[in-house]
Every structure is written in C-alpha cells, then in structure tokens.
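Next come the chains, spelled out residue by residue.
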Amino acid sequence: MAGRKKQPKSGGAPKTTPTASAQPAAPQPPSPTPPSGAEPGTPAGALGVPKRGTRAAKIYTSKPVPIDFAGPDHRYVRSDLEIYGIYHGGPSYEGRIFLNNPKADQTTARTRENGYAGSFYIFGHGGCLGDPGHCEVNEENREEYDFRPPHPLTPAKKKVTVTDTLREIARTNKTATITVVPIVTATNELCDDVDVFRFEKMRFVSYNP
Amino acid sequence: MANPLRIRLGVHNLDDAQIASFRNSYQQMMGIGDNRGYQYLAGLHGVPSWYCWHHQQNAHSAQQLQLFLPWHRAYLYNWEMAMRDRVPDVTLPWWDWTLRPPRQNGIPQIFGVAEFNGQPNPLTGFRINLPNTRPPLVHRTAREPGPPGELPTQSDVDDALARTDWNDFTEALEDIHDNVHGWVSGDMGVVGTAGFDPIFWSHHAMIDRLWWLWQARNGNGNISTDLLDEVLAPFNFRVRDVLSINDLGYDYAAAQSVVPIAGGAS
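In this text, all values refer to a predicted model and were calculated from it rather than measured experimentally.

## As for the overall build of chain A
Then, in step 1: When helices and strands are tallied, chain A shows one helix and nine strands.
Then, in step 2: Counted from the first residue to the last, chain A has its helices and strands arranged as β-β-β-β-β-β-α-β-β-β.
Then, in step 3: The 209 residues of chain A split such that 43% are buried.
Then, in step 4: Sequence separation of at least 24 residues holds for 85% of the intrachain contacts in chain A that already meet a minimum separation of 6.

## So, the pairing of strand β5 (residues 137-140) of chain B
All names here are of chain B.
Then, in step 1: Pairing of strand β4 (residues 127-130) with β5, which is carried by four bridges, proceeds in the antiparallel orientation. For R127, the partnering residue across the bridge sits in β5 and is R140.
Then, in step 2: A loop of six residues connects β4 with β5, the two strands running antiparallel in sequence.

## So, the packing of helix α5 (residues 154-161) of chain B against helix α6 (residues 166-184) of chain B
Residue and element names in this part refer to chain B.
Then, in step 1: Running from amino to carboxyl end, α5 crosses α6 at an angle of 160 degrees, the nearest separation of the two axes being 8 Å. If you check the angle between α5 and α6, you find them roughly antiparallel. Contact residues: α5 offers D156, V157, D159 and A160, while α6 offers F169, A172, L173 and I176.
Then, in step 2: Across the contact of α5 with α6, the residue classes break down as six nonpolar, no polar and two charged.

## Side note on the interface of chain B and chain A
Then, in step 1: Facing the 37 residues of chain B at the interface are 38 residues of chain A.
Then, in step 2: At the level of secondary structure, the elements contributing two or more residues to the side of chain B that touches chain A comprise β5, α6 and α7 (191-194) of chain B.
Then, in step 3: Take the side of chain B that touches chain A: its biggest share by element is seven residues, from α6 of chain B.

## Considering the packing of helix α1 (residues 16-30) of chain B against helix α3 (residues 68-86) of chain B
Residue and element names in this part refer to chain B.
Then, in step 1: Across the interface, α1 lies against α3 with an axial gap of 8 Å and an inter-helix angle of 95 degrees. The angle between α1 and α3 falls in the class roughly perpendicular. Residues S25, Q28 and M29 of α1 touch α3, and the partners they reach there are A82, M83 and R86.
Then, in step 2: Considered class by class, the residues forming the contact of α1 with α3 number three nonpolar, two polar and one charged.

Cut-offs and rules
- Residues numbered from 1 in each chain as written.
- Chains lettered and ligands numbered in written order.
- Predicted model: local features only at pLDDT ≥ 70, side-chain atom pairs only at ≥ 80, totals over all residues.
- Helix = DSSP H or I, 4+ residues; strand = E, 2+ residues; numbered from the N terminus.
- Buried ≥ 20, exposed ≤ 12 C-beta atoms within 10 Å, placed from the backbone.
- Contact = placed C-beta atoms within 7 Å.
- Pairing = 2+ DSSP bridges.
- Axes fitted to C-alpha atoms, helices over the stretch in contact; angles between N-to-C directions.
- Parallel < 35°, antiparallel > 145°, perpendicular 65-115°, else oblique.
- Nonpolar A, V, L, I, M, F, W, Y, C, P; charged D, E, K, R; others polar.

Have a look at this one:
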C-alpha cells in the first residue's frame, strides 16, 4: 500500500520476537480475478469481504523495564500502559498485553497467572482503497496555513489500565517485560496481516489517590 | 404544540410494527442511488469519502482531537433524518451488545434472519457498488462474528462510564467500540466498509447512547473548549451543536408504548 514509509516501525525500539510460525510477509496485491464466491458481474480485481486473520501475527516483547513505582511501598490507585504512534492503516486486531510472560502467544489463556493485563482494540482502515499516495501520512510537512483536518491515518494512541496485574508482579519483581500479542479480527487482500502491531513508543503512567 | 422527542429504542425491545418500519426505511434507502440513499450516506464514513473520525487524529498536540463521539452523533442524526424521509415515524434503534442469553446471543436476530414476511431482509447486508475505487469495491456485505461471550460486558461499560475525565472516557468508549467492530468482522471489521453494514448504525446508536448516559452524570465534563467550534464535516454542525441530544430532537429509552387518545374515558 502507498505511504508505508511514514508509518511506525514494527515494535518500536525494543526487540521484536516473532513466533516461529509468524514470519513477516509483504502485503498481498489485490487478486486479479474476482474473489471466490463473488456474485456474477463483479469486476476483475474487486476487493473481497474482510475475514478474520488465519496466520499468527508478529508478537512484540519489550526489554525488561523498571516497575519499582508499582511496588508495595508506593501508593497509587491506577496504572495505565499508554501506547503511542500506533499504525492503524491495515487490519483490525485485538492487542493482548502480557506482563512478564515473553513466551505468550495467540494460544495463551488470558489469565492473571499468565500475566494477562488487558487488551486494546484497533479498528483498522482495511488497507489503502485509493490511488497511489492516498494513505500517505505527511503531517510533518504541512504548511503553516494548511487548516485542513489531519490525515485519517495519523497514528493512534491507546491506553490499557493494567493496575492489578502490574501490582501483583511488582510485589516480587523490579522489572517486567511487556508482550503484545495481536489477534487479527478483520483483514483483506490489501493488508499485511502478520506485521500488524507497529508503534512509536509506550510508557506506564500511575495515578496517586 | 411542539412535536415530542423522537425516542430511540433498544433493538431487543422493538415490536413487530417497529421492526417493520425499521426494515422498510432501510429497504427504501437502499433503492435510492442519489445523495438521499444508503450507498451515498454509508459511503461518507469510509470508502469513498473518508469523513469519519477515529483514533484521535492529531499529530502535533498532546491535546488530541477527540471528535470520535461528536462526529458520529452528527452522522447518526443525518442518517436518522434520511430514514424518516422514507418512513416518517421510524427511529434508529440501538444494539445493546452487553445483553446475554436468553435476551440476546450475539448478532440480534432482526439483523440475521434471511427473510422477513417472505421478502429478503434488508438488515442482513447491502450490496456495495463502487466499481471505480482502486481496487473496485463491488460485493454484498458479510459478517464473521466471534463467540458471543467475547462481546463487551456491562462491566466494561460501567468502567468506561465511571471515568470522569472527558479524554479518559472517550478513549475508553472508543476502545469498546473498536472491539465490537472487530467482533462482527467482515465488512464491519474495517473502517473502509463498516458503514455499509446495516448493523453499523445500531452499534453506533449504542455508543451514542452511552455518551448520553455519561453526560447525564457528568454534563459535558472537562471537554476542551478548543473542541467546541470544530466543524463536523460534511455536516452542518460544530461540536457544541451536538452536545445535547434533546436539542437534536431525540432521546434514548428502553421501550416506548404510545397511548391512543381515541377510546379514553369521558
């Protein structure tokens, strides 16, 4: 799809840990023929109905980050994991967050014992349905007097409240890894359904009573 | 005498006549090819017009442009007016996806049954006909819903409603909204085609209703004054114009039973 050069890199600065079955793959071009099961009269190359992902998307795991702020010596009522600069031009997905469980994958049960802390959801654009450049975000080069709305694919921010899981881990640990497991809920021929979760940065934020 | 407020009802509480009116309005809109019709209005969201606001678009400021809720309220207002142009007394019902069996199990039945009174049910899908997009978009919408137990719960909703900060609330509610789009999947699952699925509008009526419930507790909260004069293109509203649904002529209720005047005691 056009405009990929401006999008966040997969996994930001920390290391990315793909699962064995989830190697990055380039977006697939539209099918030159109507999708299977298409109605008569469907033009060649027409886009099919989005489907749930069938391949394991690439999993992100951070380096260990300090979580002393969440330990028993500190008073706080809520901790959020904030994620900035999320690319949302491709498929829709659930991002499952596991703390201190770098082996978590799409099959890992969402339990406190497994370090599951919560999920965020991305309502994806569904690939670029436009001419070349249509999905290219170029906000940095905007003219001073350009008052048009921001590009719809300006990267997203999400936050997930992770208080309870983080508090429990912080009782016995000074650091934690953050693992994000994407589950693709809707994708089409225009989307890269493996390298799904791309972002710029993330941080923990805690609030005192 | 002023007309009473339009009441948007829960999908699960519609009676047969209300369901028939709802279906009839969509059926008629689907038959109109100009700017009063289903394809034109649904196409304002994603393909081909791309007016919708999602994910707080603002590359330059920590103060995000939180237009997700106001923009969709303006959109639904115009949609409901187009419905009522076809069927005067119809209102847009809301889909409460927190309901669990036996009241509801996933996609409400009125959106799922193939036929209604021997005719194809217009609430099951819409044939998108946009042959000039790149690539062409010509197909009938479809869904691939997840397990009903994966839909947001009342607890998720309560958690969002408990957030008193405007930014905190709208982000939490948008995330729930995003979850439901992915849960329905198929065309509803991506921004580009979601508006063409007939269930889109009732999903967003639920979101709009939850904002209204939050407003009942918090007023307009600490919504940034910078937002109030933002224009909700292509509609002739600014954010401040859509803060009160009563000013827009509607309200939300679980059910409605109109009392006939004729036949009353003298």
